[in-house]
Amino acid sequence: QVQLVQSGGGLVQPGGSLRLSCAGSGRSFRGYDMAWYRQAPGKDREFVAAIKRSGTYYADSVKGRFTISRDNGENTAYLQMNSLKPEDTAIYYCKADGVEAYGEITFWGQGTQVTVSS
């Protein structure tokens, strides 16, 4: 079974840090574009960061505080989140986009809760 399994969320105080992981299983995600999205209560899911062959991309709200990376050997993507703010509270989802012989394909992780609160 092909899936993305997330870990690393939790409760952190404002100004703190967390690192989210997104581990692929069932196939290699090398060559896939990887991204992180988040969804706060009552809001639409929004883009956070992406890592592609062309580079890394960030939402303005997280630029300079979050860093997306990947380890192809471990088949895992990461989101390092520093200087966290209460408005970063949301469920975070990783996403993998790729092209296979049969067409484009997208996988989503199960989501992980990040709560920033004192």
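Quantities reported herein were computed from a predicted structural model and do not represent experimental measurements.

Reading the values: rules and limits
- Residues numbered from 1 in each chain as written.
- Predicted model: local features only at pLDDT ≥ 70, side-chain atom pairs only at ≥ 80, totals over all residues.
- Heavy atoms only, no water.
- Pairing = 2+ DSSP bridges.
- Helix = DSSP H or I, 4+ residues; strand = E, 2+ residues; numbered from the N terminus.
- Axes fitted to C-alpha atoms, helices over the stretch in contact; angles between N-to-C directions.
- Phe/Tyr/Trp six-rings, centres within 6.5 Å; stacked < 30°, edge-to-face > 60°.
- Buried < 20%, exposed > 50% of the residue type's maximum accessible area, 1.4 Å probe, protein only.
- Lys NZ or Arg CZ within 6 Å of the ring centre and 35° of its normal.
- Disulfide = S-S within 2.5 Å.
- Contact = heavy atoms within 4.5 Å.

A.B. asks: Explain the sheet that holds strand S7 (residues 66–71) here, please?
C.D. replies: The strands making up a sheet associate through backbone hydrogen bonding, with each pair oriented either parallel or antiparallel. Spatially, the 4 strands line up as an open sheet ordered S1-S3-S8-S7, and their pairing is antiparallel. The open sheet has two edge strands, strand S1 (3–7) and S7, and neither has a second partner. Going from strand to strand, the sheet's axes swing by 15° on average, the running direction of each strand aside. As paired strands, S1 and strand S3 (residues 18–25) are joined by 5 bridges and run antiparallel to one another. From the neighbouring strand, Gln3 faces S3, where its bridge partner is Ser25.

A.B. asks: Looking at this structure, I do not really get the packing of aromatic side chains. What am I missing?
C.D. replies: Enumeration according to the criterion identifies 6 aromatic pairs in this entry. Relative to Tyr32, the ring of Phe29 has its centre 5.2 Å away and its plane inclined at 80°; by these criteria the two rings are edge-to-face. For Phe29, a relative accessible area of 3% translates into the label buried. Ring pairing ties together the aromatic residues Tyr37, Phe47, Tyr93 and Trp108, which thus form one cluster. For Arg27, the ring lying beneath its charged end belongs to Phe29, and the centroid distance is 6.0 Å. Across from the ring centre of Tyr93, 3.7 Å away, lies the NZ or CZ of Arg45, which sits over that ring.

A.B. asks: How do you make sense of the state of the cysteines when you look at a structure like this?
C.D. replies: Defined simply, a disulfide is a covalent bond joining two cysteines at their sulfur atoms. Overall, the coordinates contain 1 disulfide when judged by the stated rule. With its sulfur 2.1 Å from that of its partner, Cys22 forms a disulfide with Cys94. Its torsion about the S-S bond being 65°, the disulfide of Cys22 and Cys94 is classed as right-handed. Of this pair, Cys22 sits in strand S3 while Cys94 sits in strand S9 (residues 90–100), placing them 72 residues apart in sequence. Of the two residues examined, Cys22 and Cys94, each falls in the buried class.

A.B. asks: Mind showing me how you'd approach the environment of Ser25 here?
C.D. replies: Positionally, Ser25 belongs in strand S3. Taking the C-alpha atoms as reference points, Ser25 and Ser54, 29 residues apart in sequence, are found 24 Å from one another. With residues near it in sequence (within four places) discarded, Ser25 still touches Gln1, Val2, Gln3 and Asn75.

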